[in-house]
Amino acid sequence: MRHASITTSDTPANGWRTVRRVAPYLWPADQPWVKRRVVFALIALLVAKLIGVGTPFFYKAAVDMLAGEGQSAAWMLGAGAVGLTVAYGMARLMTVGFQQLRDVIFARVAQRALRALALQTFQHIHAMSMRYHITRKTGGLSRIIERGVKGVEFLLRFLLFSIGPLALELLLIGVVLAVVFDIWYLVVVVAVIGTYIAFTFKVTEWRVRLRKEMNDQDTDANQKAIDSLLNFETVKYFGAEGREASRYDAAMAGYEQAALQTSYSLAFLNFGQSLIITGGLVIVMVMAAIGVQSGQMTVGDFVMVNAYMVQITMPLNFLGTVYREIRQALVDMAEMFDLLEQNPDVKDKSDADVLKVKVASVRLEGIDFGYDANRPILRGVTLDVPAGQTVAVVGPSGSGKSTIGRLLFRFYDVQAGRVLIDGRDVRDVTQESLHAAIGVVPQDTVLFNDTIGYNIGYGRAGATQSEIEDAARAAQIHDFIASLPEGYATQVGERGLKLSGGEKQRVGIARTLLKNPPILLLDEATSALDTQTERDIQGALALAAEGRTVIMIAHRLSTVANADKIVVLDQGVVVEQGTHSDLLARQGRYAALWQRQAREEEEEAA
Ligand SMILES: Nc1ncnc2c1ncn2[C@@H]1O[C@H](COP(=O)(O)OP(=O)(O)OP(=O)(O)O)[C@@H](O)[C@H]1O
Ligand SMILES: [Mg+2]
């Protein structure tokens, strides 16, 4: 991911894209209150700047009056030196006051925009396909959102209220200097600011690349840490703490190197900026000093020039940081927007219908499929599951059984053939309606880090406690839960690690029973259970299967003997199908498997 994203960092097109993406939040057609706030904030900004630029005049007038120089206007004489000093203080205070007012007015617009953007990104990630999710790393994804949203926040705050105002202020001050003194002051100021900006931008470009490298190293180190911590059990099994530590340390060493370069370059930038700005300040002050010596200017003029130069310097000092942060923000946002612009490869058609399941028949028709184009997994698979019947899919590990379930749920699209539900191609209906029609008990159930009750209730939004308990009873897990000190409020731990494999599996069954879908897909739903519990649950599942269409994937053939039809899959090809007794009579692959398993069970019993 490092190399993929480096190319997309800092082209002007990205800046433009950001404006396009963020602007609608600042000027939404349907929310006049947002527009009103933006306008008021801009007015407050303008007022603050006008007062700010006028402030040094009071200062100059007070100095001139104290020094008894210059021709003071009548209003100044009226105010007196003390009055002018107080007015100077008031003006400064009002500048700050209006600045803060601007921030207060704008804060709500900015926060609302951030929330909307974070939500949009989150939803988008959920909409991405299975293929995307299993190749991306979750830790990396959440950091991209986090940094991207921060970037937008920064941009809103600083581009609108720092760069813009700064340009306005520089313009106003330049005009004042040219009008009040002479054009040479303006020339020097423009030259200094021009050099300063050119230097800052140039060095910052270079630093942005360093920062990008640092970011990538940071993401990399983080992913390694998260992956390692998630696998802590495996790490212990293989005594690999040392290996993990050195892997993490290697990633952190990369980060250290990048971070060092970033801070060295910052020192260079800061010093260079200071050199340019101080040089400019000294030149202008020397010009003014000569003017005072030759009697063309007053002492008040001298201090006013100084006041303006300081007024320019402060925000310019800031400019370095702001520009750098803005470039950084653009990089971070580019990553987020790249993500937002990625299209899921499984997508609803624009004219997709809502799937209305009537009888819930399922048919796979001549399916060819591979996760990668060059490695076929299913070849010419045709499978009929008539409405209300139970069809079992059996076969060796890796033969493509779970893959069939994923295709039915449309986690992936087939390369050839069709998947039909009630005669409708799953590609012609919305994924939402398709997913609502199918209940899946996956091969390995993963739970949310919350309570057991929450995890079962997840099956149907708004399920009541008694519905949750009924589902738990049907899945043979109610008694176990009731025996826990905290009952349904027991925390299951991350990914459900505090439960045994069989308990997790029964929670998975319970939540699917609660969903109550017309089509059930059971992928080794009872594989982690002992024979007795399995038999109990099989009973519950048989009850649940009544009136439903069920596809049951199983290893232990004894659990599927009652199915209406059994399909034997081998290396992605259907090799046999029929009822249990048909298949036994045929003396083929199934019969051989059955005899072997029967013998094994006997041995176990003995
Ligand atoms: N996301 C994936 N990308 C690439 N290959 C995959 C992916 N998922 C599964 N496979 C491969 O597809 C083949 C079929 O996998 P599948 O999960 O369907 O097997 P299965 O029949 O359910 O096996 P088991 O009985 O062990 O669960 C396997 O060889 C597996 O390596
Ligand atoms: Mg499987």
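Residues numbered from 1 in each chain as written. Chains lettered and ligands numbered in written order. Predicted model: local features only at pLDDT ≥ 70, side-chain atom pairs only at ≥ 80, totals over all residues. Heavy atoms only, no water.

With that out of the way, let us pick up the site of ligand 1. Ligand 1 sits among 15 residues. The nearest are Arg375, Ser397, Ser402, Thr403 and Gln443. Between Arg375 and ligand 1, the recorded distance is 2.7 Å, taken from a side-chain N or O atom to an oxygen atom. With respect to ligand 1, the side chain of Ser402 contributes an N or O atom lying 2.7 Å from an oxygen atom. In isolation ligand 1 offers 630 Å² of accessible surface; the protein chains occlude 73% of this area. The element best represented in the shell around ligand 1 is helix α11 (residues 401-408), accounting for four residues. (Near = heavy atom within 4 Å. Polar contact = N/O pair within 3.5 Å; in protein donor to acceptor, adjacent residues only side chain to side chain. Areas by Shrake-Rupley, 256 points an atom, 1.4 Å probe, with all protein chains shown as cover. Helix = DSSP H or I, 4+ residues; strand = E, 2+ residues; numbered from the N terminus.)

One can describe the packing of helix α14 (residues 465-474) onto helix α16 (residues 501-515) by two numbers: an axis separation of 8 Å at closest approach and a directional angle of 125°. When the axis of α14 is compared with that of α16, the two are oblique. Every pair of crossing elements has a handedness; the one defined by α14 and α16 is right-handed. Along the contact surface, α14 presents Glu467, Ile468, Ala471, Ala472 and Ala474, while α16 presents Ala510, Leu513 and Leu514. For the contact of α14 with α16, the residue count by class is seven nonpolar, no polar and one charged. (Axes fitted to C-alpha atoms, helices over the stretch in contact; angles between N-to-C directions. Parallel < 35°, antiparallel > 145°, perpendicular 65-115°, else oblique. Left-handed = near helix turned anticlockwise from the far one by under 90°. Contact = heavy atoms within 4.5 Å. Nonpolar A, V, L, I, M, F, W, Y, C, P; charged D, E, K, R; others polar.)

What follows deals with the sheet that holds strand β9 (residues 565-570). Taken in spatial order, the six strands line up as β6-β7-β8-β3-β9-β10 in an open sheet, and their pairing is mixed. Looking at the sheet topology across the chains shown, the edges are occupied by β6 (438-441) and β10 (573-578). Geometrically, the sheet is characterised by an average inter-axis angle of 15° between neighbouring strands, direction not taken into account. Bridging between strand β3 (residues 390-394) and β9 involves four bridges; their strand directions are parallel. Bridging across to β9, Val391 finds its partner in Lys565. (Pairing = 2+ DSSP bridges.)

Let us look at the environment of Gly588. Within the fold, Gly588 resides in the loop between α18 (580-586) and α19 (589-605). The class for Gly588 is partly exposed, based on a relative accessible area of 22%. With 13 residues separating them along the chain, Gly588 and Val575 place their C-alpha atoms 9.4 Å apart. Contact partners of Gly588, with chain neighbours within four places excluded, come to Glu576 and Leu583. (Buried < 20%, exposed > 50% of the residue type's maximum accessible area, 1.4 Å probe, protein only.)

We now examine the coordination of the magnesium ion (ligand 2). Protein-derived coordination of the magnesium ion (ligand 2) comes from Ser402 (OG) and Gln443 (OE1), at a distance range of 1.9 to 2.3 Å. Of this pair, Ser402 sits in helix α11 while Gln443 is found in the loop between β6 and α13 (452-457), placing the two residues 41 residues apart along the sequence. For Ser402, a relative accessible area of 14% gives the class buried. A relative accessible area of 39% means that Gln443 is categorised as partly exposed. (Donors = N, O, S within 2.8 Å, 3.2 Å for Na, K, Ca; no water.)

Before going further, it helps to examine the pattern of salt bridges. Taken as a whole and judged by the stated rule, the model has 24 salt bridges. Linking Asp220 and Lys224 is a salt bridge whose minimum nitrogen-to-oxygen distance equals 3.3 Å. Of this pair, Asp220 and Lys224 both sit in helix α7 (residues 183-230), four residues apart, roughly one helical turn. Between Asp428 and Lys349 there is a salt bridge, with its nearest N and O atoms 2.5 Å apart. Taken together, the positions of Asp428 in the loop between β5 (424-425) and α12 (431-437) and Lys349 in the loop between α10 (299-341) and β1 (362-369) put the pair 79 residues apart, joining distant regions of the chain. For Lys349, a relative accessible area of 42% puts it in the partly exposed group. What emerges from the salt-bridge pattern is a single network uniting Arg143, Arg147, Lys212, Asp216, Asp218, Asp332 and Glu335. (Salt bridge = Lys/Arg side-chain N within 4 Å of Asp/Glu carboxyl O.)

Turning our attention to the nonpolar core. Ranked by internal contacts, the top residues of the largest apolar core, which has 40 residues, are Ile452, Ile456, Ile509, Leu522, Val560, Ile566 and Tyr590. Of all the secondary-structure elements, those providing two or more residues to this core are β3, α13, α14, α16, β7 (519-523), α17 (531-545), β8 (549-553) and β9. Here this core gets five residues from one element, more than from any other, and that element is α16. Here Ile456 is in contact with Ile468, Ala471, Ala472, Ile481, Tyr488, Val507, Ala510, Arg511 and Leu514, once residues within four sequence places are set aside. (Core = buried A, V, L, I, M, F, W, Y, C linked by side-chain atoms within 4.5 Å.)

Okay, the confidence of the model for the protein next. With 95% of its residues at a pLDDT of 70 or more, the protein has an overall mean of 85. Contacts of residues 1-10 to residues separated by more than four positions or lying in other chains number 22 contacts, the stretch itself having pLDDT below 50. (pLDDT = per-residue confidence, 0-100.)

Tracing the backbone shows Ala352 in the loop between α10 and β1. In this structure the C-alpha to C-alpha distance between Ala352 and Gly388, which are 36 residues apart in sequence, comes to 26 Å. Contact partners of Ala352, with chain neighbours within four places excluded, come to Asp428, Val429 and Thr430.

Summed over all chains, the structure comprises eleven aromatic pairs. Ring plane angle 80° and centroid distance 6.0 Å describe the contact between Phe448 and Tyr454, whose orientation is recorded as edge-to-face. Since its relative accessible area comes to 36%, Phe448 is described here as partly exposed. A residue is classified by how much of its surface remains accessible, and Tyr454, at 38% relative accessible area, is partly exposed. The rings of Phe369, Tyr371 and Tyr412 are connected pair by pair, giving a single aromatic cluster. (Phe/Tyr/Trp six-rings, centres within 6.5 Å; stacked < 30°, edge-to-face > 60°.)

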